[in-house]
Amino acid sequence: LSTVRGVRAASSEELLARVLVHLDRFLALGTTTVEAKSGYGLSLAEELKCLEVLAAADREHPVRVVPTFLGAHEVPSEFRGRKADYVRLVCDEMLPAVAERGLARYFDAFVEAHVFDIEEGRRMSRRAQELGLGVRLHVDQLTQLGGAELAAELGAASADHLENVSERGIEALAAAGVVPVLCPVVPLYLRQQQEAPARRMIQAGLAPAVATDFNPGSCYLQSLPETMSWAALRYSMSAAECLVAATLNAACSLGLGDQVGSLEPGKRADFVLLDVPNHLHLVYELGRNPARTVVIDGRVAQEPEADA
């Protein structure tokens, strides 16, 4: 909520300048596409402002920005004790405005007992789908609430976090073809012991993606290579599994699997030249940026200087 206050006090120009700096850093670390969520405005005007900033950033920066409307991130202070009114605001005003302006590809909600419960998440997500938006959900991060089952029921594009997902939830995600987006560094930041059961997900036939979850509250990290290393360390994923999770699986979770995420005829030429002897070193070495040349759409977008 402190970030909400900061975002509300900032102008669009100030926010755009900050976003462009962050995109520069993502690019230098080898990222060519990001999913960027709103969710720190929590009012109609402020959420639209944030999404318009993301649209401007996508136009101005070579890194591809996929916008997600996370209007159901938290209950804003002015609605404390009136959560039902805020859910109505999201459904009746915010979602229609976002959809009408074409400012987001997806809707996302933080489904936890202390924020939005299963029924509230279902109601807002169904409304988003009625308006033509895809759905992604923060689920089963802090408690085993049944959020994974909700994501499966909705046919969501992704279910994010999942540290406390149940066996039934894993099976539901697999049956529905939902991509689990795992954020291995978040429990480190939050000093939590519970890990997402990545190996069990893979055994069940799921294709997990890994993400930085770069945000001001629970993971201020922009390095996808370092995130891959932590996925290997914390989830016992192989180097190859981490590589696919950070590229093709992530692209598929965004509906871009036919465009990016692998080098194949007909796809966009997004790739990174790395200063590593082989793919095993992508997860073996911590703390150094291995990206040297970053190519987006067949054009060199970044050539970082070699380490001294």
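Our structure is the block above this text.
Residues numbered from 1 in each chain as written. Predicted model: local features only at pLDDT ≥ 70, side-chain atom pairs only at ≥ 80, totals over all residues. Heavy atoms only, no water.

Chemist: So, the pattern of salt bridges: which residues are in play, and what are the values?
Modeler: Pairing between side chains becomes possible if they bear opposite charge and their charged atoms approach one another. If you walk through the whole model with that rule in mind, you get 24 salt bridges. Between Arg80 and Glu74 there is a salt bridge whose closest N-O contact spans 3.6 Å. Assessed through its relative accessible area of 22%, Glu74 is described here as partly exposed. The salt bridge involving Lys267 is made with Glu264; its shortest N-O contact spans 3.1 Å. Residue Glu264 is classed as partly exposed on the basis of its relative accessible area of 43%. Here the residues in one salt-bridge network are Glu35, Lys37, Asp108, Arg136 and Asp160, joined through shared partners. (Salt bridge = Lys/Arg side-chain N within 4 Å of Asp/Glu carboxyl O. Buried < 20%, exposed > 50% of the residue type's maximum accessible area, 1.4 Å probe, protein only.)

Chemist: Before we move on, could you go through the sheet that holds strand S9 (residues 291-296) and cite the residues and values that matter?
Modeler: Where strands meet in a sheet, backbone hydrogen bonds hold them as pairs that are either parallel or antiparallel. Read from one edge of the open sheet, three strands run S8-S9-S10, paired in antiparallel fashion. Each of the sheet's edge strands pairs with one partner strand only, and the pair in question is strand S8 (271-274) and strand S10 (299-302). Ignoring strand direction, the axes of neighbouring strands in this sheet form an average angle of 30 degrees. By the bridge criterion, four bridges tie S8 to S9 in an arrangement that is antiparallel. Bridging across to S9, Leu274 finds its partner in Ala291. (Pairing = 2+ DSSP bridges. Helix = DSSP H or I, 4+ residues; strand = E, 2+ residues; numbered from the N terminus. Axes fitted to C-alpha atoms, helices over the stretch in contact; angles between N-to-C directions.)

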